Amino acid sequence: HVRGYTFCAIWYVIFCMDQIYLKHITNTVKMESNWGRVFYSNFLASLPLVFTYINDSDEIEALRTISFSAGMAVFLSVALGVGMSYFAWLARSLLSAASFTVVGNVCKVLTIAINVMLWDKHASAFGIGCLMFCLTAAYFYQQAPMRS
């Protein structure tokens with residue numbers, strides 16, 4: 001359906017603007033350390049969750065009755081998310097917006113390999129072949145020289 005392609009086009013435009021804007025922020029907003037960017041991006045992203053949490057009694061009850069192992073899983077997930085955020089902002093500061101996007105896409109190879117090994121409901125061999133072609137093209141990408 002056309003709606004699916006419309007969504008992809010809207011996502012593509014927003015993604016491109018997001019990458020360019022975040023690179024602009026990285027270059028123009030000076031911070032003492034990379035942790036400042038990590039804090040602000042995660043803090044701003046978590047604000048809407050506070051409002052959904054306050055009004056949901058099921059979420060409050062789940063938090064009250066959480067088991068130790070579930071709490072540790074949540075803690076590990078948060079720690080890994082903070083680590084990913086830190087290294088993403090560090091990479092953004094060192095690479096151009098296009099190079100950062102290429103690195104992010106190439107990192108998906110491991111995820112795809114795990115998906116193929118664990119589940120039987122994944123992309124066809126042709127689909128994975130097309131993806132590998134795209135990732136091979138990304139490997140040969142060369143960044144344009146930065147403007148001075």
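Here's a quick rundown of the structure. Small disclaimer: the values here were computed from a predicted structure and weren't measured. (Residues numbered from 1 in each chain as written. Predicted model: local features only at pLDDT ≥ 70, side-chain atom pairs only at ≥ 80, totals over all residues. Heavy atoms only, no water.)

**Overview of the overall build of the protein**
Defined as follows: Working definition: helices are DSSP H or I runs of at least four residues, strands are E runs of at least two. Numbering for both runs from the N terminus. In this treatment the radius of gyration is a C-alpha quantity, and the globule benchmark scales as 2.2 Å times the residue count to the 0.38 power. Under the scheme applied here, a residue whose accessible area is under 20% of the maximum for its type counts as buried, over 50% as exposed, and between as partly exposed, the area being computed with a 1.4 Å probe on protein chains only. Residues are treated as being in contact if the distance between any of their heavy atoms lies within 4.5 Å.
Each helix and strand in the protein was counted, giving seven helices and zero strands. Starting at the N terminus and walking to the C terminus, you meet the elements of the protein as α-α-α-α-α-α-α. Its C-alpha atoms give the protein a radius of gyration of 19 Å, clearly above 15 Å, the size a compact globule of 148 residues would have. Referenced to the eigenvectors of the C-alpha coordinate spread, the extents of the protein come out at roughly 50 × 45 × 35 Å. The buried share of the protein, taken over its 148 residues, is 14%. Contacts in the protein between residues at least 24 apart in sequence constitute 68% of all its contacts with a sequence separation of at least 6.

**A short note on the packing of aromatic side chains**
The line we're drawing: Any two rings among Phe, Tyr and Trp, with Trp reduced to its six-membered ring, count as a pair given centres within 6.5 Å; such a pair is stacked if its planes are under 30 degrees apart, edge-to-face if over 60, and tilted if neither. When the NZ atom of lysine or the CZ atom of arginine is within 6 Å of a ring's centre and also within 35 degrees of its normal, the charge is said to sit over that ring.
Inspection of every chain in the model, using the stated rule, returns five aromatic pairs. The interplanar angle of 10° and the centroid separation of 5.6 Å between the aromatic rings of Phe39 and Phe43 together place this pair among those described as stacked. In this pair, Phe39 and Phe43 are both assigned in helix H2 (residues 34-54), four residues apart and thus about one turn of the helix distant. According to the relative accessible area criterion, Phe43 is partly exposed, its value standing at 40%. Cluster of aromatic residues (ring-pair linked, three or more members): Trp35, Tyr86 and Phe87. Positioned above the aromatic ring of Trp89, the side-chain terminus of Arg92 is 5.1 Å from the ring centre.

**Overview of the layout of surface pockets**
Over the atoms, a rolled probe matching the size of one water molecule traces out where space is still vacant. Spelled out, the test is: Using only the protein atoms, space was sampled on a 1 Å grid; points where a 1.4 Å probe fits but cannot get out form cavities, open sets with protein on both sides within 12 Å along at least five of seven lines form pockets, and lining residues are those with an atom within 4 Å of a point. Grid points are joined across faces, edges and corners, and a volume is the space filled by probe spheres set on the points. Residue type decides the class: Asp, Glu, Lys and Arg count as charged, Ala, Val, Leu, Ile, Met, Phe, Trp, Tyr, Cys and Pro as nonpolar, and the leftover types, Gly among them, as polar.
What the largest pocket holds in volume is close to 290 Å³. Around the largest pocket, the lining residues are Met84, Ser85, Phe87, Ala88, Ala91, Phe100, Val103, Gly104 and Cys107. Considering each element in turn, the lining of the largest pocket owes the most residues, five residues, to helix H4 (residues 68-94). Of the residues assigned to the lining of the largest pocket, the class counts are seven nonpolar, two polar and no charged. Counted as a void, the second largest pocket has a volume near 250 Å³. Every residue lining the second largest pocket is listed: Ser96, Ala98, Tyr141, Gln143, Ala144, Pro145, Met146 and Arg147. Tallied by class, residues from the lining of the second largest pocket come to five nonpolar, two polar and one charged.

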